[in-house]
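Coordinate analysis (summary)
Residue-level listing of the chains:
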Amino acid sequence: VMSAQLEEMFNAFLNQGVPPVWGEPVSYPCLKPLNAWFQDFQLRITFMNEWLTGGPPTSYWVSCFYFPQGFMTCSKQVHARKTKVPIDALAFWTEPTGIRAPKEAGQQEEGQNVHGLFIQGCGWSVSGRQMEESAKGELFVELPVIWMRVIPT
């Protein structure tokens, strides 16, 4: 005899879905099928583990965060404390780099490098650092590493 919770998990496995007991509110919201969700989950754990054991990364995987707004607010708060400028008077300036591999991005003197952002319905010219006509059959394009720095407004 299976409990209702165990039966929900079994049905989710049959349908390649994330079991409700694993999903919200325990985990991050995601519409991926189970195989892709599990692979993504492992990549998130690897990223966080490398950050924990090796120190801050040279580029932050923004889409891996459960609450990316918190990361953005923290970036502003660190800058505000360093420069003694009120956090409400700060904004972000973003500049795409020509770097596709996050591990190749160097540490910025101010601001952070971020990666894991996508655009839909157009292409991206790495050399021109601008949008371009999309390639045939390609709906989503991953952006290169983006330098994100805090500036006064």
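First things first, this report covers the structure right here in the doc. Everything quoted here is computed from the prediction, not taken from an experiment.

A word on the environment of Pro-56. Examined against the element boundaries, Pro-56 turns out to sit in the loop between helix H2 (34-54) and strand E1 (60-61). The exposure class of Pro-56 is exposed, given its relative accessible area of 57%. What Pro-56 contacts, discounting residues up to four positions off in sequence, is Trp-51 and Gln-107.

Once that is clear, we can look at the pairing of strand E3 (residues 112-115). Every regular strand shows the same layout, with side chains that alternate between the two sheet faces. Taking every second residue as pointing to the same face, both faces of E3 are buried, with Gln-112 and Val-114 on one and Asn-113 and His-115 on the other. Pairing between E1 and E3: two bridges, direction parallel. Bridge assignment links Tyr-60 to a residue of E3, and that residue is Val-114. Bridging between E3 and strand E8 (residues 146-152) involves three bridges; their strand directions are antiparallel. Across the sheet, Gln-112 pairs through a bridge with Met-148, a residue of E8.

Turning our attention to unusual backbone geometry. Despite not being glycine, Gln-16 shows a phi value in the positive range, around 55 degrees. Within the secondary structure, Gln-16 sits in the loop between helix H1 (4-14) and H2.

A separate point is the layout of surface pockets. The calculated volume of the largest pocket comes to roughly 730 Å³. If you go around the largest pocket, you meet 29 residues; those closest to its centre are Leu-43, Phe-47, Trp-61, Ser-63 and His-115. Of the residues forming the lining of the largest pocket, the biggest block, eight residues, is contributed by H2. Volume-wise, the second largest pocket comes out at about 200 Å³. Taken together, the residues that form the lining of the second largest pocket break down as five nonpolar, four polar and three charged.

A separate point is the nonpolar core. In this structure, Phe-47, Tyr-60, Phe-65, Phe-71, Val-114 and Ile-119 are the most contacted members of the largest nonpolar core, which totals 15 residues. Among the elements of the structure, E1 and E8 are those that each provide at least two residues to this core. Not counting residues up to four positions away in its chain, the partners in contact with Tyr-60 are Phe-47, Trp-51, Phe-65, Phe-71, Gln-112, Asn-113, Val-114 and His-115.

Bringing the pattern of salt bridges into the picture now. If you walk through the whole model with that rule in mind, you get four salt bridges. Among the ionic pairs, Asp-40 bridges to Lys-32, the shortest N-O distance being 3.6 Å. Taking the relative accessible area as the measure of exposure, Asp-40 reaches 9% and is therefore buried. What makes Lys-32 partly exposed here is its relative accessible area of 38%.

Calculation criteria
Residues numbered from 1 in each chain as written. Predicted model: local features only at pLDDT ≥ 70, side-chain atom pairs only at ≥ 80, totals over all residues. Heavy atoms only, no water. Helix = DSSP H or I, 4+ residues; strand = E, 2+ residues; numbered from the N terminus. Buried < 20%, exposed > 50% of the residue type's maximum accessible area, 1.4 Å probe, protein only. Contact = heavy atoms within 4.5 Å. Pairing = 2+ DSSP bridges. 1 Å grid on protein atoms, 1.4 Å probe; cavity = no way out; pocket = protein on both sides within 12 Å on 5 of 7 lines; lining within 4 Å. Points joined across faces, edges and corners; volume = space filled by probe spheres on them. Nonpolar A, V, L, I, M, F, W, Y, C, P; charged D, E, K, R; others polar. Core = buried A, V, L, I, M, F, W, Y, C linked by side-chain atoms within 4.5 Å. Salt bridge = Lys/Arg side-chain N within 4 Å of Asp/Glu carboxyl O.

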